[in-house]
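Spelled out from the first residue to the last, the chains are:
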Amino acid sequence: MVSRAVCGVYEIHPEQVEKARAALPEEAVLGKAALLLKALADPTRMRLLLALKAAEELCVCDLALLAGVSVSAVSHQLRLLRQARLVAFRREGKQVYYRLADEHVERLLEGALEHAEENT
């Protein structure tokens, strides 16, 4: 049988509740953060981001080869990553090159992998 962490006694702790409430960001910020984490919650998107972290900049064709999916599938995933502000791009003629949006994304990826590799 699975043990559940449940309050044995219903009691409110007003100081702790108020401290937690004061620390919560605005709804718009919460929404953006949730979108960011949702974008990371897919192995293919994580693979794309980690490839960009390693290579610094790659085109859609390179990313498709690395991820083992079609160019159109990569384009769809990159659109989601752009919406979450995790990647940026530049055009060079007909080629489009992608890179991580900034150092925050790099640190986020490093933290996620470090946490995932921890022995529990």
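What counts, and where the lines are drawn
- Residues numbered from 1 in each chain as written.
- Predicted model: local features only at pLDDT ≥ 70, side-chain atom pairs only at ≥ 80, totals over all residues.
- Heavy atoms only, no water.
- Salt bridge = Lys/Arg side-chain N within 4 Å of Asp/Glu carboxyl O.
- Helix = DSSP H or I, 4+ residues; strand = E, 2+ residues; numbered from the N terminus.
- Buried < 20%, exposed > 50% of the residue type's maximum accessible area, 1.4 Å probe, protein only.
- Pairing = 2+ DSSP bridges.
- Patch = residues over 30% accessible without salt bridge, like charges linked within 9 Å, V, L, I, M, F, W, Y side chains within 5 Å.
- Areas by Shrake-Rupley, 256 points an atom, 1.4 Å probe, with all protein chains shown as cover.
- pLDDT = per-residue confidence, 0-100.

## Here's the deal with the pattern of salt bridges
Moving on, step 1. Within this structure, the stated rule accounts for four salt bridges.
Moving on, step 2. Notably, a salt bridge pairs glutamate 18 with arginine 21, separated by 3.5 Å at the nearest N-O pair. In this pair, glutamate 18 and arginine 21 are both assigned in helix H1 (residues 14–23), three residues apart and thus about one turn of the helix distant.
Moving on, step 3. With relative accessibility at 42%, the residue glutamate 18 sits in the partly exposed group.
Moving on, step 4. What makes arginine 21 exposed here is its relative accessible area of 52%.
Moving on, step 5. Here arginine 90 and glutamate 57 are joined by a salt bridge, their closest N and O atoms 2.8 Å apart. In this pair, arginine 90 is assigned in strand S2 (residues 87–92) and glutamate 57 in the loop between helix H3 (43–55) and strand S1 (58–59), connecting sequence segments 33 residues apart.
Moving on, step 6. Under the relative-accessibility criterion, glutamate 57 is labelled partly exposed at 28%.
Moving on, step 7. Here the salt bridges do not stand alone but share partners, grouping Glu57, Arg90 and Glu92 into one network.

## Some remarks on the sheet that holds S1
Moving on, step 1. Pairing within the open sheet is antiparallel, and its three strands lie in the order S1-S3-S2. Only two strands of the sheet have a single partner each, and these edge strands are S1 and S2.
Moving on, step 2. Taken together, the six bridges between S2 and strand S3 (residues 95–100) define a ladder with antiparallel strand orientation. Paired with valine 87 across the two strands is leucine 100, which belongs to S3.

## Digging into a nonpolar patch on the surface
Moving on, step 1. Residues Tyr10, Ile12 and Val17 make up a contiguous nonpolar surface patch of roughly 370 Å² in combined accessible area.
Moving on, step 2. Within the secondary structure, isoleucine 12 sits in the segment before H1.
Moving on, step 3. Owing to a relative accessible area of 51%, isoleucine 12 belongs among the exposed residues under this scheme.

## What to know about the confidence of the model for the protein
Moving on, step 1. A residue-level look at the protein finds 93% of positions with pLDDT of 70 or above and a mean pLDDT of 92.
Moving on, step 2. Helix H2 (residues 27–40) is the least confidently modelled element of the protein, averaging 93 in pLDDT, while S1 averages 97, the highest of any element.

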